[in-house]
Amino acid sequence: MSRAAIAIHGGAGAIARAALSAEQEQHYLQALRDIVASGQTILAAGGSALDAVTEAVRLLEACPLFNAGKGSVFTHAGTHELDACIMDGITQDAGAVAGVSHIRHPILAARAVLEKSPHVLMIGAGAEQFAMDHGLEPVAADYFSTEARWQQLQRAQAIQQTLLDHDGAAQENAPLDNDRKLGTVGAVAIDSAGHLAAATSTGGMTNKQVGRVGDSPLPGAGCFSNGRVAVSCTGTGETFIRTQAAYDVAALMEYGGLTLPQAADRVIFEKIPALGGSGGLIAIDADGNIALPFNTEGMYRGYGWLGASPVVNIYRGS
Ligand code: ASP
């Protein structure tokens, strides 16, 4: 079997307190399976890891089940501010956008920053103008809105909390409680040439202050790739920034001599909880090993090596 592989996540969080709908659960699992398969198809055709993670995250953004792109959470002001990052392990080039509201696919804007600008991170109106100048599709801000996310904001404001996409009252029929789910999406891949890449995209946190930026668009915090490992995180963004979580996995491997699973577990089960955070990550190393640890009750996740069927899961131990 080839070591070429892709792994994806659609956020981590709590199990719904409402009765689960088996049908809805299948809906999520099928979406994950289809998106892993799309990534495998790109890799099988000789596509790059960078292309595979771009397309996987673009598909996750397009799917309203996940808190990125369409289906993003609302800010305190009832608006959307989206963040995304992509990183190429070969060159350690990165591109990212933060606080964008009018680009259909923030991950494509991040990729444009990576490839077509001398910069790493662009924000707000300037990032949007840059994306449009490079032919990306603009949308009205309400394109990202869904009724479920609006109700989530109402619940968050009723209890006056800034909620991760996984805190609060249950969202009927979602396998993970939508109010207690960290709904960022991400992908990591290794291609047939052994090159790695990582991508992360998010709507952020429900009821967040306008202008708040989490870990997702920050290389080293919510997204990182070098020649040894690619990492994409989901969780309490402030903690992932303070711990430099994605880079910490790489550093523990490079300087500490840890294996990928050891490094990923150290970050998710020790370093993040030590600062009061929660969440998970997906990572893949240069040998094609995959780790998907999370310290919440579940994490939407899937992976597949070339030539193998996609494996998808939501809950712990499944
Ligand atoms: N990490 C994201 C943020 O803080 C939230 C998430 O993973 O759902 O913006």
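Residues numbered from 1 in each chain as written. Predicted model: local features only at pLDDT ≥ 70, side-chain atom pairs only at ≥ 80, totals over all residues. Heavy atoms only, no water.

**Student:** So what about helix 2 (residues 49-62)? Which residues, and what values?
**Tutor:** Under the 1.5 Å per step criterion, the end-to-end length of helix 2 is 20 Å for 14 residues, consistent within 8% with the ideal 20 Å. Within helix 2 the residues assigned to the buried category are Ala49, Leu50, Ala52, Val53, Thr54, Ala56, Val57, Leu60 and Glu61. (Helix = DSSP H or I, 4+ residues; strand = E, 2+ residues; numbered from the N terminus. Expected span 1.5 Å × (residues − 1). Buried < 20%, exposed > 50% of the residue type's maximum accessible area, 1.4 Å probe, protein only.)

**Student:** So what's going on with the site of the ligand? Which residues, and what values?
**Tutor:** Taken together, 10 residues lie around the ligand, and Thr184, Arg212, Asp215, Thr234 and Gly235 are the ones closest in. One of the backbone N or O atoms of Gly235 is found 2.8 Å from a nitrogen atom in the ligand. Gly237 is positioned with one of its backbone polar atoms (N or O) 3.1 Å from an oxygen atom of the ligand. Relative to its free-state accessible area of 270 Å², the ligand is covered by the protein chains to the extent of 100%. (Near = heavy atom within 4 Å. Polar contact = N/O pair within 3.5 Å; in protein donor to acceptor, adjacent residues only side chain to side chain. Areas by Shrake-Rupley, 256 points an atom, 1.4 Å probe, with all protein chains shown as cover.)

**Student:** I'd like a rundown of the sheet that holds strand 8 (residues 223-225), residues and numbers included.
**Tutor:** One open sheet holds the four strands; their spatial order is 8-9-10-11, and the pairing between them is antiparallel. Taken across any chain shown, the strands that pair with only one partner, and hence form the sheet edges, are strand 8 and strand 11 (290-291). With two bridges joining them, strand 10 (residues 279-285) and strand 11 adopt antiparallel strand pairing. Among the inter-strand pairings, Ala283 is bridged to a residue of strand 11, identified as Ala291. The strands that helix 7 (residues 245-254) touches are strand 8, strand 9 (229-235) and strand 10; relative to strand 9, the one it contacts most, it runs at about 140°. (Pairing = 2+ DSSP bridges. Contact = heavy atoms within 4.5 Å. Axes fitted to C-alpha atoms, helices over the stretch in contact; angles between N-to-C directions.)

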